[in-house]
Amino acid sequence: MSLTSAYQHKLAEKLTILNDRGQGVLIRMYNIKKTCSDPKSKPPFLLEKSMESSVKYINKKFPNIDVRSSTQHLGPVHREKAEIIRFLTNYYQSFVDVMEFRDHVYELLNTIDACQCHFDINLNFDFTRSYLDLIVTYTSVILLLSRIEDRRILIGMYNCAHEMLHGHGDPSFARLGQMVLEYDHPLKKLTEEFGPHTKAVSGALLSLHFLFVRRNQGAEQWRSAQLLSLISTPPAMINPANSDTMACEYLSVEVMERWIIIGFLLCHGCLNSNSQCQKLWKLCLQGSLYITLIREDVLQVHKVTEDLFSSLKGYGKRVADIKESKEHVIANSGQFHCQRRQFLRMAVKELESVLADEPGLLGPKALFAFMALSFIRDEVTWLVRHTENVTKTKTPEDYADSSIAELLFLLEEIRSLVRRHIKVIQQYHLQYLARFDALVLSDIIQNLSVCPEEESIIMSSFVSTLSSLNLKQVDNGEKFEFSGLRLDWFRLQAYTSVAKAPLHLHENPDLAKVMNLVVFHSRMLDSVEKLLVETSDLSTFCFHLRIFEKMFAVTLEEPTMLRYAIAFPLICAHFVHCTHEMCPEEYTHLKNHGLHHCNSFLEELAKQTSNCVLEICAEQRNLSEQAIVWLAGYNATTQEIVRPSELLAGVKAYIGFIQSLAQFLGADASRVIRNALLQQTQPLDSCGEQTITTLYTNWYLESLLRQASSGTIVLSPAMQAFFSLPREGEQNFSAEEFSDISEMRALAELLGPYGMKFLSENLMWHVTSQIVELKKLVVENMDILVQIRSNFSKPELMASLLPQLTGAENVLKRMTIIGVILSFRAMAQEGLREVFSSHCPFLMGPIECLKEFVTPDTDIKVTLSIFELASAAGVGCDIDPALVAAIANLKADTSSPEEEYKVACLLLIFLAVSLPLLATDPSSFYSIEKDGYNNNIHCLTKAVIQVSAALFTLYNKNIETHLKEFLVVASVSLLQLGQETDKLKTRNRESISLLMRLVVEESSFLTLDMLESCFPYVLLRNAYREVSRAFHLNR
């Protein structure tokens, strides 16, 4: 055939048109098959009882149906002929379309054979692909036609009704009926028809060999080659990812399997005569048990091939090959594909991370993105069609994948990245086309030894088109259109692939290589979305909904996969891609189908999310009420508790976790946290359970302060903390670890002002309990104390009065307990002050300033109000408002204010004259290291000052006057101790003398001058010296 004929036959155009029309016809056959196989959608008159005899008659006599002499059998058809014509016209015309499509296909295949076309997927990719696609599409149409069980009835009944209505049968019926009969056994007829085309078909298939072998490598080979890795060779990271056969790199393996299986099924003669054909065929048989014809309709590869070859002579060895291959598939393909999916999960995740971090790499490495999409799609579709069709297997795990959601998610992520950075891709490839491809192509054209005019015109237009590109087109958002260029290249492939062409493409492979690049680069400018559909369309799920929904359900049950579940509603958007313009009625149905399942998946995800959030909220409610208490680690049996600083650290970590969680859930974490922490500042939470405020209050009172009162824990003013004394069997915690400055600060941070107020109130309750007992002791010794108050400066009389006092040691002990409690409260208040200053410095300044304005002349109610405000912020006050309020609540109804005042005055006298008794206690030695005493009597000073200030404020008396009286009486008592001859009674006289200095330092009402007037400072100096000397000697 001449070159002119090759131009006139328009092979490229016909292949393009017939492939597109073939897809439409194939979908029409699919719809008819599906409609007629379902009683709900089947034409109603095929199911009517009255039509039963007509249906049987038509089916039996087809296609030779005598309408005129068969009125008995065809009476019901005659009655409903108009309705039958109306209903079956589309069906009948679809079958006519199949016949016409068949005619055009055979005409084109014969023309191609006559032209002796050369096919090579690596050179004339579009020409070879279109040729093989046409063969597969045509075969699929015929196979689906043969699977429509009611095809004879639909065609025959339409023709009967047509003849009854018009007086003659449809003109196409005779040929159509004959075609239907011929394809009752479709493969037998097809193999006969394709015998003459064996050379062209086998040549095209053999060009796939190298590519198919490479694309069927296992996961280990992929891993060794570091497939899809951008970071395996950092220096080459920005180098363009090129190939001599760009389109082959992302060509679907499933498509190649269809070409090979169906191609060798139709042209099986070459399997016995060509060893290369045989090797390729056997390799393909080891890949899949099923290949897709259209949507969910499949071809059972080994069964169909074996059935056909078993009926042919000389194919015994091929049947044995089929059986062997089937066993190999069953034994190995499941794990083979499982390992490939595992590899792709890791490799594509790495690829996606790199491209997301550096989207500029999508320019040179765009090919990697489409390869990744194609590889994922191949693995997913293999799994879907085998899961759907393999019903009986000893290894069901081979056809299940609980991690499939991750692969689907990665596919959607890559698609999203490509769409998001489309301008990056366009800018890169536009420059590549204009500055590289155009120049290389121009050089190749000039170096061609032969170049006919038609080919020269086409190739010159390529160079012209590419050279005219500039970056402003991308910046201006210009829409590119290179479909004409690609069609011209398709034409050129056809022109240069015929036997008598002056210019043969296989003799000029460089031209093919550069044009393969040009085609890919041009697609990066104008048809990225189409390429995304070509490489990653998963509309197959629309026809495998049971599998799709099962995968979704498995994903929801797998905690590690939940993050990828959003991929399922995203994939529902793929469903519209399987439509065709020859079946427009499908579009709305498939769109609604996709929308319905998208909504269904989203609703399920929303339900799961809402359930999860509700569970978190419920758990958060429990945690907000219990978790912080639990973190405190309180053990009621052993009285153990976590240090406040440790609990604070735990709470902060817990809050951090909740805030992080809230970012993902969109919950109001601040409100939850505030509610939880605020409840913990109260004695009981909303459920009536103890809070950390109650736990710490009880623990400090019952554990630390109780042991401090018994002498096993000592307050060290120098260290500003309580310290444990080493005693066996009485101590199970280290007091300093719970009472130093940092712990008090942490306690205040945890309990807050409300919690600290509750702690203070409980401390004051214990203080007032001691005051009640002290008042009782004063009342018991009332008469003697009155005499002592009047005669304290008369040693002779005092010598007789003092022995008459009862409970003096008890007074000292109870006042010491009060002092210990008040000292602890002062430490806690200091912690609160520091925390409050840190959180609210703008409030602390005004509060402290307001406190400074208080003078002795200020109204006592105003003073107490200001002091209460200051105390709530942790600021120390001369008069403790909490202590004043606590003592005020103790006033007995039967006692007059004068009597209460008298008791208060005598209490100070009782304490002052009892001080010398402390000298006999071995623990009353003053420790320079601790700046205190081992029996905590240094706390007496705080008790004296604070209790006196509170009592005389309550009775509206002058505090300074009564403290001076205490100072004088105490000084006289201690001075008289200097004349005592009993060394046991004077053992720690110097240490006790130092209490006088501590009293003055503690009080803002007393001064050293006042002390000097009644207790010479020289005695204090001597006492310090003696105490220091004794301390160093004892060490």
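Residues numbered from 1 in each chain as written. Predicted model: local features only at pLDDT ≥ 70, side-chain atom pairs only at ≥ 80, totals over all residues. Heavy atoms only, no water.

Undergrad: I keep staring at the overall build of the protein and nothing clicks. Help me out?
TA: For the protein, the helix and strand inventory stands at 46 helices and six strands. For the protein, whose C-alpha radius of gyration is 50 Å, the value lies well above the compact-globule estimate of 31 Å for 1035 residues. Summarising its shape, the C-alpha atoms of the protein cover approximately 155 × 75 × 55 Å along the three principal directions. In the protein, which comprises 1035 residues, the share counted as buried stands at 54%. (Helix = DSSP H or I, 4+ residues; strand = E, 2+ residues; numbered from the N terminus. Rg over C-alpha atoms; globule rule 2.2 N^0.38 Å. Buried < 20%, exposed > 50% of the residue type's maximum accessible area, 1.4 Å probe, protein only.)

Undergrad: Just checking my understanding: could you explain the domain arrangement of the protein for this structure?
TA: Many analyses report the size of an interface as the accessible area lost when the parts associate. Looking at the assigned domains, one finds that the protein contains domain 1 (1-184), domain 2 (541-611), domain 3 (612-741) and domain 4 (762-1034). Facing four residues of domain 2, the contacting portion of domain 3 comprises four residues. Summing both sides of the interface, domain 2 and domain 3 together bury roughly 300 Å²; the carbon and sulfur share of this comes to 43%. When the buried surface of domain 2 facing domain 3 is broken down by residue, Thr609, Ser610 and Asn611 rank first, second and third, together holding 94% of it. Joining domain 2 to domain 3, the criterion identifies zero salt bridges. Where domain 2 packs against domain 3, one counts three residue pairs in polar contact (both at pLDDT 80 or more). Class assignment of the residues belonging to the side of domain 2 that touches domain 3 gives a composition of no nonpolar, four polar and no charged. (Domains from an automatic or database assignment. Contact = heavy atoms within 4.5 Å. Buried area = accessible area lost by both parts, 1.4 Å probe. Salt bridge = Lys/Arg side-chain N within 4 Å of Asp/Glu carboxyl O. Polar contact = N/O pair within 3.5 Å; in protein donor to acceptor, adjacent residues only side chain to side chain. Nonpolar A, V, L, I, M, F, W, Y, C, P; charged D, E, K, R; others polar.)

Undergrad: Would you mind showing me how to read the nonpolar core here?
TA: Inside soluble globular proteins, nonpolar side chains tend to come together where they are buried. Counting 192 residues, the largest nonpolar core has Tyr131, Met157, Trp259, Phe370 and Phe541 as its most contacted members. With 16 residues, the top contributor of residues to this core is helix α5 (residues 81-115). A domain split of this core shows at least three residues from each of domain 1 (1-184) and domain 2 (541-611). Here Phe541 is in contact with Val380, Val384, Leu408, Phe548, Met551, Ile571 and Phe575, once residues within four sequence places are set aside. Core analysis: the next-biggest nonpolar cluster, separate from the first, contains 130 residues, Leu648, Ile692, Phe966 and Cys1014 among them. (Core = buried A, V, L, I, M, F, W, Y, C linked by side-chain atoms within 4.5 Å.)

Undergrad: Would you mind going over the pattern of salt bridges with me for this structure?
TA: Any two side chains of opposite charge can pair, on the condition that their charged atoms come close. In this structure the tally under the stated criterion is 55 salt bridges. Across the pair Arg997 and Glu1001 runs a salt bridge, and its minimum N-O distance is 2.9 Å. Of this pair, Arg997 and Glu1001 both sit in helix α44 (residues 989-1002), four residues apart, which is roughly one turn of the helix. For Arg997, a relative accessible area of 18% corresponds to the buried category. Exposure remark for Glu1001: the relative accessible area of 49% places this residue in the partly exposed category. Linked by salt bridges that have partners in common, Arg102, Asp103, Arg175, Glu182 and Glu193 make up one network.

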